[in-house]
Amino acid sequence: MGMKHNIHQTPQALAAASPHARREHKDRLFCDLFSDKKNALSLFNAINGTDYTDIDALEIVTLKDVIYLTMHNDLAVCFHSLLGLFEQQSTINPNMPLRGLLYFAREYEGWLAAHEKDIYSKTLIKIPTPQYYILYNGTEKAAERITYRLSDAFSVPTEGYEWTAHMLNINPGCNPELLAQCEPLRGYVTLISLIRQEQAEGKQLTEAVRKAIDTCIRQGILKDYLIKHEAEVTAMILTEYNEKLREKTLHEEGLEQGREEGREEGYLQMALNAVRHLMSGMDMSAEDAMNFLEFSEAEKEKCRKLL
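This structure is a prediction, so every number in the text was calculated from the model and none was measured.

Novice: Can you explain the overall build of the protein chain? Please cite residues and give values.
Specialist: When helices and strands are counted, the protein chain shows 13 helices and six strands. Counting across all 307 residues of the protein chain, residues that qualify as buried make up 46%. For the protein chain, long-range pairs separated by at least 24 residues make up 61% of all intrachain contacts whose partners lie at least 6 apart in sequence. When the accessible area of the protein chain is evaluated, it comes to approximately 16,900 Å², of which 51% is carbon and sulfur surface.

Structural data, given as structure tokens:
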């Protein structure tokens, strides 16, 4: 996976990394784990209740860098005339059907081009059947299974148009049959759960990740994967944490809204509040905090003067 990362990297150190570098960190832990076709087939079988073994027939067709959707594009596979999208989410979002609709539109565009199909022909084109599953492992309580429908978002109720997204809760104690049928998914859930337990006991994130990985390796959970990719796994988890913290800070301080509305004076005050929040709460320097929030050079200069 390229250059090794320092497994003892702190959130502050990650914050100091360039915004460009953070945005190009494409792999999240879930994405990386299931980019292995063997693991992807295991997940496909567990969700569909099948026992396929013809791994060479499975094609991973995950779209890369779909930035304009502002969504995670975790795993998409084309297999036995099915086009499956599987996403890991730590938040509950009722807009997933709309996001999936946009995502699948891009997938089908690529499929049509690859198979040289003409949608203006008089012959009905047979396309892979879509299936869309969200694997939820957030901390907010949720039912084991939830079906979201695009029609729920229609301003005017109508029939005949539908798109669904099925959310499966994969937190410990939920959907045990699914986890039992997919060892990589069960291992992923166990690792995340152990990290949360270590944090709940007061450990800093970096230490919590290290201890959770050590426990998994000792217990034979994702052992080969974690031994081979321990540094990368740590870096991916810390990067995800960094991104979530940044989004939370931006939201709480109203920075995004201030940027959109162009309220210069009010925006600068919110920006200062966000920087001070990170300086006090995360023990960051002012420069690290501004890099973390991805301020432009002009924004940094104004904040420096006011600080």
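Novice: Account for the sheet that holds strand 5 (residues 145–149), naming residues and giving values.
Specialist: Strands sit in the order 1-2-3-4-6-5 across an open sheet of six strands; the sheet is mixed. Taken across any chain shown, the strands that pair with only one partner, and hence form the sheet edges, are strand 1 (59–60) and strand 5. Here strand 1 runs beside strand 2 (residues 75–79); their pairing, made up of two bridges, is antiparallel. Among the inter-strand pairings, Ile 60 is bridged to a residue of strand 2, identified as Val 77. Relative to the sheet, helix 5 (residues 96–114) contacts strand 2, strand 3 (82–89), strand 4 (129–136), strand 5 and strand 6 (164–169), its axis offset from that of strand 4 by approximately 135°.

Novice: Give a detailed account of the confidence of the model for the protein chain, specifying residues and quantitative values.
Specialist: Averaged over every residue, the pLDDT of the protein chain is 81; residues scoring 70 or more account for 76%. This model gives residues 1–27 a pLDDT under 50, and the stretch forms 57 contacts once residues within four places in sequence are excluded.

Novice: Account for unusual backbone geometry, with residues named and values stated.
Specialist: Within the chain, Ser 81 stands out as a residue other than glycine whose phi angle is a positive 65°. Looking at the secondary structure, you find Ser 81 in the loop between strand 2 and strand 3. What makes Ser 81 exposed here is its relative accessible area of 56%.

Novice: Break down helix 7 (residues 183–200) for me, citing the residues and quoting the values.
Specialist: Helix length check: helix 7, at 18 residues, gives a terminal C-alpha distance of 26 Å against a target of 26 Å (1.5 Å per residue), a fit within 8%. Where helix 7 is concerned, the buried positions are Pro 184, Leu 185, Gly 187, Tyr 188, Val 189, Leu 191, Ile 192, Ser 193, Leu 194, Ile 195 and Glu 198. One or two steps after helix 7, the chain reaches Gly 202, where phi turns positive at roughly 100°.

Novice: Would you mind going over the pairing of strand 4 in detail, with residue names and values included?
Specialist: Counting buried positions along strand 4 yields six of eight residues, so the element is predominantly enclosed. What joins strand 3 to strand 4 is helix 5, and the crossover it makes is right-handed. Two strands pair when backbone bridges link them, and strand 4 and strand 6 are joined in this way by four bridges, in the parallel orientation. Note on strand 6: the bridge partner recorded for Tyr 136 is Asn 169.

Novice: I'd like a rundown of the nonpolar core, residues and numbers included.
Specialist: Among the nonpolar cores identified, the biggest contains 44 residues, and Leu 29, Leu 43, Leu 185, Leu 191, Ile 195, Leu 226 and Val 233 are the most heavily contacted of them. Ignoring anything within four residues of it in the chain, the contact list for Val 233 reads Leu 29, Leu 191, Ile 213, Tyr 225 and Leu 226. Within the second largest apolar cluster, 18 residues are counted, among which are Val 61, Tyr 103, Tyr 136 and Ala 165.

The rules we used
Residues numbered from 1 in each chain as written. Predicted model: local features only at pLDDT ≥ 70, side-chain atom pairs only at ≥ 80, totals over all residues. Heavy atoms only, no water. Helix = DSSP H or I, 4+ residues; strand = E, 2+ residues; numbered from the N terminus. Buried < 20%, exposed > 50% of the residue type's maximum accessible area, 1.4 Å probe, protein only. Contact = heavy atoms within 4.5 Å. Areas by Shrake-Rupley, 256 points an atom, 1.4 Å probe, with all protein chains shown as cover. Pairing = 2+ DSSP bridges. Axes fitted to C-alpha atoms, helices over the stretch in contact; angles between N-to-C directions. pLDDT = per-residue confidence, 0-100. Expected span 1.5 Å × (residues − 1). Right-handed = clockwise from strand over helix to strand, strands pointing away. Core = buried A, V, L, I, M, F, W, Y, C linked by side-chain atoms within 4.5 Å.

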